[in-house]
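# Structural characterization, general
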Amino acid sequence: MPSPPFATRQAQHLPAIAADDLGATVALTEFSEYRWRIGRSRCTRSGCSALERVDQATVTSETIDTDPRIAGDTVVWTDLRVRRPDHDVRLRRGASPETSSLATTDGEGAPQLRPAVALSPGGRALVVWQDARGSASSLRACVVLSDGTTTTDVALLDDDARRYAPEVAWLDEERALVAYETTSTGERRVGVTTLEVASLVP
């Protein structure tokens with residue numbers, strides 16, 4: 001049977017989990033007060049903490065936040081923005097209540113979605129997401145430094161191929177591996193590319 005904080009009367013889905021030396025953190029999407037919101041809970045051998053709201057949705061907003069991903073103390077998710085086409089990828093790191101958009105260079109109002117995140121041994125979080133700028137589905141990425149500072153997002157694989165649903169993992173402190181779906185050949189395939197993280201950090 002589910003145990004608190006997950007055994008509620010609210011609809012919940014899309015769990016994500018990240019482990020560390022002291023336990024694990026679970027993030028999820030929960031329907032509460034007519035809004036889809038992101039929550040997280042810290043779990044250890046003694047049990048799980050009460051669900052903490054991660055996003056900053058106000059009581060009066062009609063929010064659809066979904067698809068959370070987590071690495072260490074960093075949670076990323078998709079803000080579907082009710083009745084607006086410009087979906088956004090958002091971030092919260094650590095104990096700070098502030099959240100921020102990751103697509104800082106988007107001047108088109110294009111949708112971003114499906115973020116993936118991985119934490120390096122040195123504490124940097126690499127976030128990769130699906131971006132629809134220029135009427136194409138490409139991949140973009142940024143680095144979140146240990147102090148919460150976010151680098152300017154850049155395009156990966158500079159062409160107009162259709163790429164979706166990225167996953168990311170660090171190879172070492174300077175390189176990461178990005179896997180993704182692509183339909184550039186007319187059929188759905190999986191591609192992999194190595195990312196030099198120095199290209200993202202000033």
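Above this text you will find the structure in question.
Calculation criteria
Residues numbered from 1 in each chain as written. Predicted model: local features only at pLDDT ≥ 70, side-chain atom pairs only at ≥ 80, totals over all residues. Heavy atoms only, no water. Pairing = 2+ DSSP bridges. Helix = DSSP H or I, 4+ residues; strand = E, 2+ residues; numbered from the N terminus. Axes fitted to C-alpha atoms, helices over the stretch in contact; angles between N-to-C directions. Disulfide = S-S within 2.5 Å. Salt bridge = Lys/Arg side-chain N within 4 Å of Asp/Glu carboxyl O. Buried < 20%, exposed > 50% of the residue type's maximum accessible area, 1.4 Å probe, protein only.

### A closer look at the sheet that holds strand E9 (residues 100-101)
Strand order in this open sheet of 4 strands is E6-E7-E8-E9, and the pairing throughout is antiparallel. This sheet does not close on itself; its edge strands, each paired only once, are strand E6 (65-71) and E9. As judged from the 5 bridges shared by E6 and strand E7 (residues 74-79), these two strands associate in the antiparallel manner. By the bridge assignment, Thr66 is partnered in E7 with Thr78.

### Some remarks on the sheet that holds strand E12 (residues 138-144)
One open sheet accounts for 4 strands, arranged E10-E11-E12-E13; its pairing is antiparallel. Two strands in the sheet have a free side with no partner beyond their single neighbour: strand E10 (112-119) and strand E13 (154-156). Ignoring strand direction, the axes of neighbouring strands in this sheet form an average angle of 30 degrees. Bridging between strand E11 (residues 125-131) and E12 involves 7 bridges; their strand directions are antiparallel. Bridged to Ala125 within E12 is Val144.

### So, the state of the cysteines
Across all of its chains, the model carries 1 disulfide by this definition. Residue Cys43 pairs covalently with Cys48 via a disulfide, S to S 2.1 Å. Judged by the sign of its S-S torsion, about 110 degrees, the bond between Cys43 and Cys48 is right-handed.

### Details of the pattern of salt bridges
Taken as a whole and assessed by the stated rule, the structure comprises 16 salt bridges. With a shortest N-O distance of 2.9 Å, Arg92 and Glu52 are connected by a salt bridge. Separated by 40 residues along the polypeptide, Arg92 in strand E8 (residues 88-93) and Glu52 in strand E5 (residues 52-53) bring together distant segments of the chain. Here Arg92 falls in the buried class, since its relative accessible area comes to 5%. On the accessibility criterion, Glu52 (32% relative accessible area) is partly exposed. One salt bridge connects Glu187 with Arg189, and the closest N-O pair in it is separated by 2.5 Å. On the basis of relative accessible area, Glu187 is assigned to the partly exposed category, the value being 45%. On the basis of relative accessibility, which here comes to 44%, the residue Arg189 falls in the partly exposed class. Each of Asp131, Arg133, Arg140 and Asp153 takes part in a single network of salt bridges with overlapping partners.

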